[in-house]
Amino acid sequence: MTNLTEVFQNNKAFIPFVVADDPDFDTTVESILTLSKNGADIVELGIPFSDPVADGPVIQAADLRAFSAGVNTETIFEIVEKVRESSSIPLVFLTYANIPFKYDYDKFCRRCQELDISGLVIPDLPLEEQAEIKPYADEYDIALIPLIAPTSADRIEKIAQNATGFIYVVSSLGVTGIRDEIAIQNLSETIERIRQVTDLPAAIGFGIHSPEQARKLSEIADGIIIGSAVVKIISEGGTDVQNQLAQYSQSIRENLFE
Amino acid sequence: MKEMQKDTTDIRKYGQFGGQYIPETLVNEINAVSKAYDRYKNDPEFLAEFHDLLNNYANRPSLLYYAEKMSKDLGGAKIYLKREDLNHTGAHKINNVIGQALIAKRMGKTRLIAETGAGQHGVATATIAALFGMECEIFMGKKDTERQKLNVYRMQLLGAKVHAVTNGSMVLKDAVNATMQEWASRVDDTFYILGSAVGPYPFPEMVHDFQSVISKESKQQILEAEGKLPDMVVACVGGGSNAIGSFADYIDDEGVQLIGCEAAGKGVDTDQTAATIERGSVGIFHGMKSLFLQNDDGQIDKVYSISAGLDYPGVGPEHARLAELKRAQYVGITDDEAVNAFEYIAKTEGIIAAIESCHALAYVQKIAPKMSKDQIIVCTVSGRGDKDVSSIAKYRGVDIDD
């Protein structure tokens, strides 16, 4: 089983996000492989949901494309199986709570372990509700990667102390999506507070798209997560998608703070 | 019963249902709402202001009207109608909006946001925002803005900004998604007034408490009129706000049958339905664990009902619990049955009732003849039906638009 925390030990981590089955099975498999060969340290694979309340328009549209392709929970595991034929890139799922709940937490976590999925990010399962999945996540050694938001305030320490894998620091209020302005000062303070209570890495996500932003934020964090900007490249489609993904991925990798 | 309903170890839950399945961004804000609600719910000054507005602004207590013609025509139980349609703004929604807006005011909020289906909750929120001098933005599925145009204009007249939500199936569920997203992007000055008995704790509890005025009044009124409790209380259920308010004070009176009427759309066994309790399964959505119409993977279904207010894939956690405990029964009423009831109650009692409420009235039409003349039904008319006139005309193939 891949240890997520170790991934961060050698360098700042680049964590791109793609939606599973957007726009189809083969593209998702190829995109994960392309990203892994071009500088990604972990790939976050989004499980499409009918009502992605934490996501902005770009990722919502990707979810719809995946549904048009006929995605279901089994398809997503098959995508990972295919990736695993040729790559051991660390993978985490982003999923809304209802998907693993309906699949059955026990079965879902066991399946994750079989496919070397290292962790879960569940945006609608805050610390207070994690008890229902935690025993299974622990049993199968699946990290529960918590989100810390700009509004977390007095909750920061409690969340950080209970985290496994790494911590996902949300850069801005609202939903996922590309932003030009990200308030670095507040993020530094948040990360400082996290480091007071845990050795786990902290990665920043939400809004990041440019290599310049990636550089600045990687100065203060252990990794950066890029979702909408990657999904946007895939959405523009065409025969050149993998090339563009490779170039984009390299441009982020090269700009990360050493 | 209250102890059975509420989880004894976790006040946020009703048995396995309820909870707070919300993004981290909103956790502290919702905790602040819980804290404020805890502080004020038994505060005499707060309660005095709440009841003063209910009585002197919203026109409470609402009538408990003996529908004599209807009772005689159906030939069975005596039928009483709890007339929430006579409230200011024309529905039960105002009860809860006054309560939550008073909490918002005490929390120092200056901006109210809300989802709306049929538009009644949006109108009530826009009304109280106008009264309190607060900013107001309403999120409404685009499909609902089209079938409830009159209410859209009413909200605008009251000074609210109405956003037509174009995501998903463009109905109530999508309006809730959009309002939650708006709240997550701006929490400092904003309060989300949730209109139904759904969402994360403490919303289901606040809605229960503020709407329970319906059953507190009806109990007193029926005891005065008949000297005994009703045999049955009937209300329509979408998310379940008027139903929980209609049931609340009778839950411990086990002799009173509680019936919630869900929207069966084209039929409970079709895929054009919104009959959540009959057809749904346990899931996690909109901040709560409850029953939802969803597929085997946990993707939430697109649901259907002629009624924009009942067109919702979930139900409040307390209703899910009452159904599980078999303390309340939930039945599906089709579009056809509801439209027939719409016409029946208009011609029989001279009341144009909301199409939502007509789901409850349709059940009364079916059950009353099977009951004896010394039995009593209290049925909540949750709102008035002016807003539905043009869509009912359309359903009957009559074009009344210019």
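Residues numbered from 1 in each chain as written. Chains lettered and ligands numbered in written order. Predicted model: local features only at pLDDT ≥ 70, side-chain atom pairs only at ≥ 80, totals over all residues. Heavy atoms only, no water.

Focus on the overall build of chain B
Within chain B, the regular secondary structure consists of 17 helices and 14 strands. Here chain B has a C-alpha radius of gyration of 19 Å; the compact-globule value for 402 residues is 21 Å, and the two agree. For chain B, the C-alpha atoms occupy an extent of roughly 55 × 50 × 45 Å along the three principal directions. When each of the 402 residues of chain B is scored for burial, the buried share is 66%. Across chain B, contacts joining residues at least 24 apart in sequence account for 74% of those joining residues at least 6 apart. Charge-centre separation for chain B: the mean point of 44 positive side chains lies 1 Å from the mean point of 55 negative side chains. (Helix = DSSP H or I, 4+ residues; strand = E, 2+ residues; numbered from the N terminus. Rg over C-alpha atoms; globule rule 2.2 N^0.38 Å. Buried < 20%, exposed > 50% of the residue type's maximum accessible area, 1.4 Å probe, protein only. Contact = heavy atoms within 4.5 Å. Lys, Arg positive; Asp, Glu negative; His and termini not counted. Charge placed at Lys NZ, Arg CZ, Asp CG, Glu CD.)

A short note on unusual backbone geometry
Between D22 of chain A and P23 of chain A the backbone carries a cis peptide bond, its omega angle lying at -10°. For P23 of chain A, the position within the fold is in the loop between β1 (13–19) and α2 (25–37). In this structure, the amide linkage connecting Y201 of chain B to the following residue, P202 of chain B, adopts the cis form with an omega of 10°. Position of P202 of chain B among the secondary structure elements: in the loop between β8 (190–192) and α10 (203–211). Positive phi, normally seen in glycine, also occurs at D104 of chain A, with a value near 100°. Mapped onto the elements, D104 of chain A comes out in the loop between α5 (98–103) and α6 (105–114). Even without glycine at this site, D141 of chain A takes up a positive phi of about 60°.

Topic: the UniProt feature "active site" (unreviewed entry) in chain A
Residues and elements named next belong to chain A. Taking the UniProt record as the reference, the feature "active site" (unreviewed entry) is found at E44 and D55. Mapped onto the elements, E44 comes out in strand β2 (residues 43–46). Setting aside residues up to four positions removed in sequence, E44 forms contacts with I15, P16, F17, V18, V92, L94, V121, Y168 and I225. For D55, the position within the fold is in the loop between β2 and α3 (57–68). (UniProt positions renumbered as here; feature names shortened; annotations may be inferred.)

With respect to the sheet that holds strand β8 (residues 202–205) of chain A
All names here are of chain A. Read across the open sheet, the nine strands follow the order β5-β4-β3-β2-β1-β9-β8-β7-β6; overall the sheet is parallel. Either end of the sheet is taken by a strand with one partner, and the two such strands are β5 (143–144) and β6 (147–148). The pairing of β6 with strand β7 (residues 167–170) spans two bridges and is parallel. Bridged to L147 within β7 is Y168. Helix α4 (residues 73–84) contacts β2, β3 (91–94) and β4 (117–121) of the sheet and is inclined by roughly 165° relative to β3. (Pairing = 2+ DSSP bridges. Axes fitted to C-alpha atoms, helices over the stretch in contact; angles between N-to-C directions.)

So, the interface of chain B and chain A
If you look at the interface, chain B gives 34 residues, while chain A gives 36 residues. Together, the buried faces of chain B and chain A total about 2,700 Å²; carbon and sulfur atoms form 48% of this surface. E24 of chain B serves as the salt-bridge partner of R155 of chain A, at 2.9 Å between the closest nitrogen and oxygen. The interface formed by chain B and chain A holds 26 residue pairs in polar contact (both at pLDDT 80 or more) in total. Among the secondary structure elements, those contributing two or more residues to the side of chain B that touches chain A are β2 (17–21), α2 (24–40), α9 (172–185) and β11 (281–285) of chain B. The element that contributes the greatest number of residues to the side of chain B that touches chain A is α9 of chain B, accounting for seven residues. (Buried area = accessible area lost by both parts, 1.4 Å probe. Salt bridge = Lys/Arg side-chain N within 4 Å of Asp/Glu carboxyl O. Polar contact = N/O pair within 3.5 Å; in protein donor to acceptor, adjacent residues only side chain to side chain.)

Section: the pattern of salt bridges
Oppositely charged side chains can pair when the atoms bearing their charge come close. Using the criterion set out here, one finds 46 salt bridges over all chains in the structure. The closest approach of N and O atoms between E74 of chain A and R111 of chain A, which form a salt bridge, is 3.6 Å. Placement of the pair is E74 of chain A in helix α4 and R111 of chain A in helix α6, with a sequence separation of 37 residues. For R111 of chain B, the salt bridge is made with E135 of chain B, and the minimal N-O distance between the two is 3.9 Å. Taken together, the positions of R111 of chain B in strand β5 (residues 111–116) and E135 of chain B in strand β6 (residues 135–141) put the pair 24 residues apart, joining distant regions of the chain. A relative accessible area of 1% places R111 of chain B in the buried class. Since its relative accessible area comes to 42%, E135 of chain B is described here as partly exposed. Ionic contacts of the salt-bridge type, sharing partners, join the residues R111, E135, E137, E182, R186 and D189 of chain B into one network.

Some points on the packing of aromatic side chains
Using the criterion set out here, one finds 21 aromatic pairs over all chains in the structure. Judged by centre distance (6.5 Å) and plane angle (65°), the ring pair of F191 of chain B and F203 of chain B falls under edge-to-face. Note that F191 of chain B is positioned in strand β8 and F203 of chain B in helix α10, a separation of twelve residues in sequence. One exposure class covers both F191 of chain B and F203 of chain B, and it is buried. One aromatic cluster in this structure is built from Y37, Y40, F46, F50 and F210 of chain B. For K107 of chain A, the ring lying beneath its charged end belongs to Y103 of chain A, and the centroid distance is 5.3 Å. Over the ring of Y40 of chain B we find R106 of chain B; its NZ or CZ atom is 5.4 Å from the centre of that ring. (Phe/Tyr/Trp six-rings, centres within 6.5 Å; stacked < 30°, edge-to-face > 60°. Lys NZ or Arg CZ within 6 Å of the ring centre and 35° of its normal.)

Some details on the sheet that holds strand β4 (residues 78–83) of chain B
Residue and element names in this part refer to chain B. Pairing is mixed across the open sheet formed by six strands, whose spatial order is β3-β4-β14-β9-β10-β13. The strands lining the two open edges of the sheet, one partner per strand, are β3 (64–66) and β13 (328–334). Averaged over all neighbouring strand pairs, the angle between strand axes comes to 30°, with direction disregarded. Taken together, the six bridges between β4 and strand β14 (residues 376–381) define a ladder with parallel strand orientation. Bridge assignment links I79 to a residue of β14, and that residue is I377. Across the sheet, helix α11 (residues 213–226) lies against β3, β4 and β14, angled at about 140° from β4, the strand it touches most. Seen against the sheet, helix α16 (residues 355–367) touches β4, β9 (232–237), β10 (257–265), β13 and β14 and runs at an angle of roughly 145° to β9.

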